[in-house]
Amino acid sequence: MAEYEYIKYIIRNKEPLRIADDSTSQSGQTVTLRYIPGTTMRGYIINKMAASSDFEQLKEELFSEQVKYLNAYLCVKEKNNEKNSRVRFKTLVPSPKGFYENKKEVDGKKQIENVVINGAFTGGYKRASLGRYCYIQDNCVYYYNVSTASDMKIKIDQKGTEEQSVFRNEYIEKNHYFTGFIAVKQHETAEKIKKLFEKELILGNARSSGFGKCEVVSCELIKELPYQEYLPCEDQKNDCYMMLLSNTVLRNRDGELCGFTPEMVAELGRRLEVDDLKIQYCSTSTVNVRGYNRTWGIRLPSMTAYESGSVF
């Protein structure tokens, strides 16, 4: 079976970016996602590809397992100390759950403990505030958040009446950098998709109101995802830790939503090539997620998922 290669792109939102989060939005208030979902990137690519002469041949491939559109998450710039060094970007991961921190700072840092190690933490510590995204380096966690703002509008002339209502729309403020990946099996298709990331693109809602214009900072083909840097370099003989990089929904054999069952843990052990795998401790949070089935043309019901950053 052919291996995937990955299109890695980095974009900067030159304008505010609004991508509605249906799972948390309420009547009169629309909340934005803090990342760019893969479905948004898929919509952009499909719309661009639809104008090509070979779209009918590519359409089936673009909607299949041959092409996987991963979410684009926040990244940050890093610079070398050398003069005239070019700007590089640090790929972030979701901030891990289960850390507790000492309230006192020493040299601008706080001592943290991982409750997943032994199921306990030092008295007087509090749950650590590690933002939404982070990178780990030299035994330190450097964390970041996406800045948001909102606007208020009045909706008038509803259904031919004189009724008015106020609604609030949230958006991501401009000048954030996002790194995303698209997994593609056919090299020729990967090259065609890559050409769509040459200058700029427009994403999200309210495009006609000055929202969604993004600058393409870089785009390249790579052989593997960058998260390998966090993997262990040698075989683990004792405890090991698993962190979710995206929201994860689990179902049992009857199709019911559930948490990790003994059968699922056994299957996970088989895939990880670990004998007699057992979960000792975990630190998780849950989030309600929704979806849309393009085949049926209906919205999927809300599902409870392990939130990204959950640690086992």
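Residues numbered from 1 in each chain as written. Predicted model: local features only at pLDDT ≥ 70, side-chain atom pairs only at ≥ 80, totals over all residues. Heavy atoms only, no water.

Caption draft 1: Looking closely at the overall build of the protein. Of regular secondary structure, the protein possesses 4 helices and 20 strands. Viewed in the frame of its principal axes, the protein has a C-alpha envelope of about 60 × 60 × 50 Å. Within the protein, the fraction of its 312 residues that count as buried is 35%. By sequence separation, contacts in the protein at least 24 residues apart represent 65% of the contacts at least 6 residues apart. Entry remark: accessible area of the protein is about 20100 Å², with carbon and sulfur atoms responsible for 45%. (Helix = DSSP H or I, 4+ residues; strand = E, 2+ residues; numbered from the N terminus. Buried < 20%, exposed > 50% of the residue type's maximum accessible area, 1.4 Å probe, protein only. Contact = heavy atoms within 4.5 Å. Areas by Shrake-Rupley, 256 points an atom, 1.4 Å probe, with all protein chains shown as cover.)

Caption draft 2: The nonpolar core, seen in detail. Core analysis: the largest hydrophobic core is formed by 38 residues, its most contacted members being Ile-182, Ile-193 and Phe-197. Sort the elements by how many residues they give to this core and helix 1 (residues 38-49) lands first, with 5 residues. Once residues within four sequence positions are removed from consideration, Ile-193 is found in contact with Ile-7, Ile-45, Met-49, Leu-62, Val-67, Ile-182 and Val-184. (Core = buried A, V, L, I, M, F, W, Y, C linked by side-chain atoms within 4.5 Å.)

Caption draft 3: Region of the structure containing the environment of Asn-247. Tracing the backbone through its elements, the reader meets Asn-247 in the loop between strand 16 (213-222) and strand 17 (250-251). For the pair formed by Asn-247 and Val-287, sequence separation is 40 residues and the distance between their alpha carbons is 7.8 Å. Leave out the neighbours within four places in its chain, and Asn-247 touches Val-287, Val-289, Ala-305, Tyr-306, Glu-307 and Ser-308. Within polar-contact distance, the side chain of Asn-247 engages the backbone nitrogen of Ser-308 at 2.9 Å. (Polar contact = N/O pair within 3.5 Å; in protein donor to acceptor, adjacent residues only side chain to side chain.)

Caption draft 4: Structural context of the packing of aromatic side chains. In total, this model carries 12 aromatic pairs according to the counting rule given. With a centroid separation of 4.8 Å and 20° between ring planes, the pair formed by Tyr-9 and Phe-197 is classed as stacked. Here Tyr-9, found in strand 1 (residues 5-13), pairs with Phe-197, found in the loop between helix 3 (187-194) and strand 15 (200-202); they are 188 residues apart in sequence, far enough to count as distant. Side by side, Tyr-9 and Phe-197 carry an identical accessibility label, which is buried. Pairing Tyr-135 with Tyr-144 gives two aromatic rings, centres 6.3 Å apart and planes at 20°, and the pair type is stacked. (Phe/Tyr/Trp six-rings, centres within 6.5 Å; stacked < 30°, edge-to-face > 60°.)

Caption draft 5: Looking closely at the pattern of salt bridges. Taken as a whole, this structure holds 13 salt bridges when the rule is applied. Notably, a salt bridge pairs Asp-54 with Lys-192, separated by 2.6 Å at the nearest N-O pair. Of the two residues, Asp-54 sits in the loop between helix 1 and helix 2 (55-62) while Lys-192 sits in helix 3, which places them 138 residues apart along the sequence. Judged by relative accessible area, which is 23%, Asp-54 ranks as partly exposed. Residue Lys-192 is classed as partly exposed on the basis of its relative accessible area of 34%. (Salt bridge = Lys/Arg side-chain N within 4 Å of Asp/Glu carboxyl O.)

Caption draft 6: Expanded view of the side chain of Ser-308. For Ser-308, the location among the structural elements is in the segment after strand 20 (298-306). With near-sequence residues (within four places) excluded, Ser-308 lies in contact with Pro-94, Lys-97, Leu-244, Leu-245, Ser-246 and Asn-247.

Caption draft 7: Structural view of the confidence of the model for the protein. Looking at the protein, the pLDDT average stands at 86 and 92% of residues meet or exceed 70. Model confidence for the protein, summarised as mean pLDDT per element, is weakest for strand 19 (residues 286-293) at 79 and strongest for strand 1 at 96. (pLDDT = per-residue confidence, 0-100.)

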